[in-house]
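Structural overview
Chain by chain, the residues:
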Amino acid sequence: MDKDTNLRSAAEALYPEWERLSEAQQDALLLGARRVKYKKGECVHRGSLDCIGVLLIEKGGLRVYMLSDEGKEITLYRLAEGDMCILSASCVITTITFDVHIDAESELEAILLTPDAYAEVCDENIYAECLSYKILSDRFSDVMWAMQQILFMSFDRRLAVFLWDEIAKSGEDTVSFTHEQIAKYTGSAREVVTRMLNYFSSEGIVELMRGGVKIIDREKLKALTR
């Protein structure tokens, strides 16, 4: 199987409306498409400075966040294997009027669709256009949830929700993030995270370890999320 066939098969598996595209539209998306790799922590998209295209994630994850002039980060949402990253092609989405930054959360492998080809296919195909707006709508819901947590939820509950979501996703009792990383994900300061984790530890909810947090009482943690 040649490289082009491999790329086509992968794109077909990752792009939900692939079968609704004409053969010419499929070819247009694949013409400039290529596989890309990013290292953990590497910048993928920097606000208005980049418009690399749409990413179809094959492996790894992305963190989408906003960055203030003072350097404070607020995580808006995270993407994982099988997701599409639309905001990395924000230059072709006229409804996007704010800048976001995107980093590789882990070793990332993805198929990159060029912004011009993607915009052309969306203009021609109503299913492709609707898919884009559905994804943007879903991500907007994620952003609103993040803002609700930051603005209206006490930090002990916010931290408990974050830890609970992480162990629910992984199926393990250990969250392998540093205090600095947790602060970025929860929109807080590292010192605040450290104080609250120390409190959780004193209450027998977690055990602090180098580069991570181990949940030792799931019931107490879950109670804090309510």
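Figured I'd write up the structure that's included with this text.

Each value, and the rule that gives it
Residues numbered from 1 in each chain as written. Predicted model: local features only at pLDDT ≥ 70, side-chain atom pairs only at ≥ 80, totals over all residues. Heavy atoms only, no water. Helix = DSSP H or I, 4+ residues; strand = E, 2+ residues; numbered from the N terminus. Buried < 20%, exposed > 50% of the residue type's maximum accessible area, 1.4 Å probe, protein only. Contact = heavy atoms within 4.5 Å. Phe/Tyr/Trp six-rings, centres within 6.5 Å; stacked < 30°, edge-to-face > 60°. Lys NZ or Arg CZ within 6 Å of the ring centre and 35° of its normal.

Tracing the sequence through the fold places Ala33 in the loop between α2 (23-31) and β1 (34-38). Accessibility expressed as a relative area gives 13% for Ala33, which makes it buried. Taking the C-alpha atoms as reference points, Ala33 and Gln148, separated by 115 residues in sequence, lie 37 Å from one another. Among all residues touching Ala33, those that are not within four sequence positions of it are Leu7, Ile111, Leu112 and Leu113.

Right, let's get into the side chain of Thr186. In this fold, Thr186 is placed in helix α6 (residues 179-186). Classification of Thr186 as buried rests on a relative accessible area of 5%. Apart from residues lying up to four places away in sequence, Thr186 is in contact with Ile150, Phe155, Arg158, Phe162 and Val193.

One pass over the full model with this rule turns up 5 aromatic pairs. Seen in terms of ring centroids, Phe177 and Tyr185 are 4.9 Å apart; in terms of plane orientation they differ by 65°. Their pairing is edge-to-face. The burial state of Phe177 is the same as that of Tyr185; both residues are buried. Here a set of aromatic residues connected by ring pairs shows up, and it is made of Phe162, Phe177 and Tyr185. The ring of Tyr65 carries the charged tip of Arg63 above its face, separated from the ring centre by 4.1 Å.

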